[in-house]
Every structure is written in C-alpha cells, then in structure tokens.
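Each chain is listed here by its residues.
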Amino acid sequence: MTNKTVLVTGGAGYIGSHACVELLESGFNVVVVDNLCNSKIESLSRVQQITGKPLTFYQVDISDKAALTEIFAKESICAVMHFAGLKAVGESCEKPALYYHNNVCGTLILAEVMAAANVKQLVFSSSATVYGQSGSPQYSENFPLGAINPYGRSKVMIEDILRDLSTADSINRTKSPWKIALLRYFNPIGAHQSGLIGEDPNGIPNNLMPYVSQVAIGKLVQLSVFGDDYPTPDGTGVRDYIHVVDLVKGHIKAIAALEKPTFAQGGCKAYNLGTGQGYSVLEIIHTFEKITGHRINYKIAPRRTGDLAECFANPELALQELGWKAEKNLDDMVSDTWNWQTKNPQGYL
Ligand code: NAD
Ligand code: UFG
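Each value, and the rule that gives it
- One numbering rule holds for all chains: residues counted from 1, following each sequence as written.
- Written order determines the labels here, with chains lettered from A and ligands numbered from 1.
- Reporting of local features is limited, given that this is a predicted model, to residues whose pLDDT is at least 70; pairs of side-chain atoms are given and counted only at 80 or more, and all residues count toward the totals for whole chains, interfaces and linings.
- To get the side-chain values, all heavy atoms of the structure are used, and hydrogens and water are removed first.
- One speaks of a salt bridge when a side-chain nitrogen belonging to Lys or Arg is within 4 Å of a carboxyl oxygen belonging to Asp or Glu.
- Going along the chain from the N terminus, every DSSP run of H or I of four or more residues is numbered as a helix, and every run of E of two or more is numbered as a strand.
- Per-residue accessibility, obtained with a 1.4 Å probe over protein chains only, is compared with the maximum for each type, and a residue is labelled buried under 20%, exposed over 50%, and partly exposed between these values.
- Following DSSP output, two strands are said to pair if at least two bridges run between them.
- Every axis in this analysis is a line fitted to C-alpha atoms, fitted for helices over the stretch in contact. Angles between the N-to-C directions lie between 0 and 180 degrees.
- If even one non-hydrogen atom of a residue comes within 4 Å of a molecule or strand, that residue is called near it.
- Throughout this description, a polar contact denotes any pair of N or O atoms lying within 3.5 Å of each other; where both atoms belong to protein, one of them has to be capable of donating a hydrogen while the other can accept it, and for residues adjacent in sequence the pair is counted only when both atoms sit in side chains.
- Each accessible area is a Shrake-Rupley estimate made with a 1.4 Å probe; only the visible protein chains count as cover when residues are assessed.
- Three residue categories are used. Nonpolar comprises Ala, Val, Leu, Ile, Met, Phe, Trp, Tyr, Cys and Pro, charged comprises Asp, Glu, Lys and Arg, and polar comprises the others, including Gly.

Caption draft 1: Structural detail: the pattern of salt bridges. Taken as a whole and judged by the stated rule, the model has 14 salt bridges. Among the ionic pairs, Glu-159 bridges to Arg-184, the shortest N-O distance being 2.7 Å. Placement of the pair is Glu-159 in helix H6 (residues 150–172) and Arg-184 in strand E7 (residues 179–185), with a sequence separation of 25 residues. Grouping residues by exposure puts Glu-159 and Arg-184 together as buried. Residues joined by salt bridges that share partners form a network here, namely Glu-159, Asp-160, Arg-163 and Arg-184.

Structure, rendered in structure tokens:
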C-alpha cells in the first residue's frame, strides 16, 4: 500500500473513472482534473461509492496553465495518468484543429507544468491507432507509426513530443529525468463489475460494443455490420477487445514500473495493452446474444472507410517489463457491459 498522490487527467471519463477506482483500491490518493466536456461528475461520485474513499476533483481544462500550476503547488503529486483528450475519429476529420489544440497543445502544457513542478513520471493513453500499415495484423511496439486520421495523428504527435522531452533529458544529463510509459490501447470495452461505472457515449455510439448493447436493450433498432467480405474467418472485422478493468490494472503496473530498474535512467517506452486475441464482429454479436438472451438485430452494410480487416496486439513486452497480462475473457467483457447497460439504461443521469 502507498500514500502517494496521482493526478488523473480525464478522470471523470470512461477509462479514467475505472483508473480512479483501481488507484484508490491500490492505496493511492487521487486528484482528478477534467473539464467535463465528455463526461459527467456523477461518475466520480460512483467511484467514491465503489471504493468508499474520497478523491479530489478540479473542473479544469488541461490547457489552463495557471490553474494546473496552482494544482501542482497545492497537491503533493508524484505521478500523472493522462487520459484527457478528445477521441472521436469522425469528429477529428471534421474539426482537426480542435483535436490538435485539445490533445496536442493540452499535453504540451501539462508537460510544461509537470516539468516546472519537477513531477516527471507520466503514464499516457495512447492507442493502437498510431500504427501504420504493416504486413502483419499482430502489432508489436517496434512497428512503424503512421496514423490515418487527425485523432490518430494527434496521438503520434504526442508520443513524438514525449519521446523528445525524454531524449533531451539524456542529452542534458538531467538529474531527475522523465519516466514515461506510452500505453497503446487496443479496443477497451466492458465496465466495472459493480455496474456503477461504465461507458456513457454521447448520442449514437460510433464503436461496436456500445452500439450492440443499445440494440440489445432496445434503444437502437439495428446494428450495421461494416463489411462481411474481409479476408478474416467469417468475413467481418477482427479486433483485440480488452476489458477496461484489465486495461487500468496495466496502468497501475506501469506506474510501479516507472520506479523500477527498467526506468532507472529515465526514458519513454511504449507498451501494447491488449489480450493478443482477436474476435470478429459476428463473434461479438453471438456472444452478446448468448450472455443476454436477446437477439441482436443486424444487417450487413458496406465497409466503413479507414477500417482495417484485422488488428490485434502482441502483448509480450507489457508482460516482460510491466508484469501485466489481461485476465478477463470475452464473456466477462460482455456480461459486465450488459450489467452496466441494464442498471443505467440512460447512462449517468
Ligand atoms: P472519455 O471521453 O470518456 O474520457 C476523456 C475525458 O477527458 C473526459 O472526461 C473529458 O471530459 C476529458 N477531457 C477531454 N479534453 C479535456 C481537456 N482539454 N481538459 C480536461 N479534460 C478533458 O474517453 P476514454 O474512452 O475514457 O479515453 C481516455 C483516453 O484514452 C483518451 O485519451 C483516448 O484518446 C484514449 N483511448 C481511448 C480508447 C477507447 O476506445 N476508449 C482507445 C484508445 C485510446
Ligand atoms: N463495427 C461495425 N458496426 C458498428 C461499429 C463498428 O461493424 O456500428 C465494426 C468495425 O468495422 C470494426 C469493429 O466493429 O471492425 C470495431 O469497431 P470500433 O469502432 O468499435 O473500433 P475500432 O477498432 O474501429 O477503433 C477503436 C477506437 C479508436 C482506437 C482503436 C484502437 O474507436 O479510437 O479502437 O484502439 F484508435
């Protein structure tokens, strides 16, 4: 157990709220900074309900340098988990400047404030979307980067900036160098097993899991399966779905690893967080039907622009260096999603 304080940016959001639970349950103090642009403060009440522990919340934008500086002066922060960011691929194509400003400039300001406060341990929410086209559907961390939309490019740019900050420390032989873990998520789904926190998308969901879940509960009429002519076993797209609780456990391991020999000299390292196992859209639908007992009404639709046939993680590096491995299976992911959906049919009210 520890009494260290971790600042969680974006802590009111889907993944951030699960991270707050895991941090509190691991004995950390938690300070959340979130501007609530894509979340509700109710998620943080639920975090406190689950854990029985308090946290500190600031409704602040990460681009607000003065407010962030004050928070670092007031709280004894030792590390930052940085989830704050905009994440809708389609919206990023319509409003690229918004995405670059919010995600890239916001992270730069956060990093400047951290360096000024001499807090240089950072765990960053990156994404499998940073990987460019490669010959293999199984992605390793050393594969070339090359995102294909502004959202993905904002993640590549942030990774580049953070690597540069770390390299500069080694050139300047800084005494307390940056220690940064870039965590590349595959497809996070599921919810905390209490059903008190989960994913609460605004409007019609873009992603498969919340869409299927809303069809099952009758909020949406029909799922469109984007393409059944991919070179995959059943023709539909294959992804590496990972339970959000496994994902945030990876963050706790990463925070711990920043104190260990791997990062003794500082550094900035990327880790895939995935299960290493791919499932197709039809497999997801059939698992949902099995777990919920509801039929999922779906139709085959044309491929969605920009989608890959198949994408899954090589998760070996995270196992070797962080000692982390996903433990939950697809049935767990679906039943926890369903538990959250049925307990909160309108999301957070
Ligand atoms: P989310 O939208 O639920 O959470 C993001 C949180 O950040 C929200 O609470 C939002 O209000 C806050 N936020 C956004 N911009 C901010 C700003 N400028 N200042 C302060 N707060 C701000 O999203 P999520 O699914 O929890 O994703 C968390 C992180 O993980 C994001 O960086 C996202 O890009 C990354 N990621 C998510 C997925 C996924 O499928 N969910 C996959 C890969 C990577
Ligand atoms: N799909 C459908 N119908 C839908 C939605 C999705 O058939 O209504 C299919 C897609 O074609 C794909 C699979 O379901 O084959 C998964 O699609 P998602 O939209 O759920 O997820 P993606 O893999 O496209 O992208 C997600 C996030 C990205 C992130 C990426 C990797 O949306 O932000 O995972 O982490 F970068």
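Caption draft 2: View of the sheet that holds strand E6 (residues 138–139). Read from one edge to the other, the open sheet built from four strands follows the order E6-E15-E10-E13, with strand pairing classed as mixed. Each edge of the open sheet is held by one strand with a lone partner, namely E6 and strand E13 (279–280).

Caption draft 3: The sheet that holds E7, seen in detail. An order of E3-E2-E1-E4-E5-E7-E12 is seen for the seven strands of this open sheet, with the pairing classed as parallel. Each end of this open sheet is capped by a strand with a single partner; those strands are strand E3 (56–58) and strand E12 (267–273). The mean inter-strand angle of the sheet, taken between neighbouring strand axes irrespective of direction, is 20°. Bridging between strand E1 (residues 5–9) and strand E4 (residues 77–82) involves five bridges; their strand directions are parallel. Note that in E4 the partner of Leu-7 across the bridge is Val-80.

Caption draft 4: Local environment of the site of ligand 2. Every one of the 20 residues lining ligand 2 counts as a neighbour, but Phe-186, Asn-207, Ser-224, Arg-239 and Asp-307 are closest to it. The side chain of Asn-187 places a nitrogen or oxygen atom 3.0 Å from an oxygen atom of ligand 2. The backbone of Phe-226 places a nitrogen or oxygen atom 2.9 Å from an oxygen atom of ligand 2. About the coverage of ligand 2: the protein hides 88% of its 690 Å² of free accessible area. Ranked by the residues each element gives to the shell around ligand 2, the list is headed by strand E9 (residues 223–226), at four residues. Taken together, the residues of the shell around ligand 2 sort by class into ten nonpolar, seven polar and three charged.

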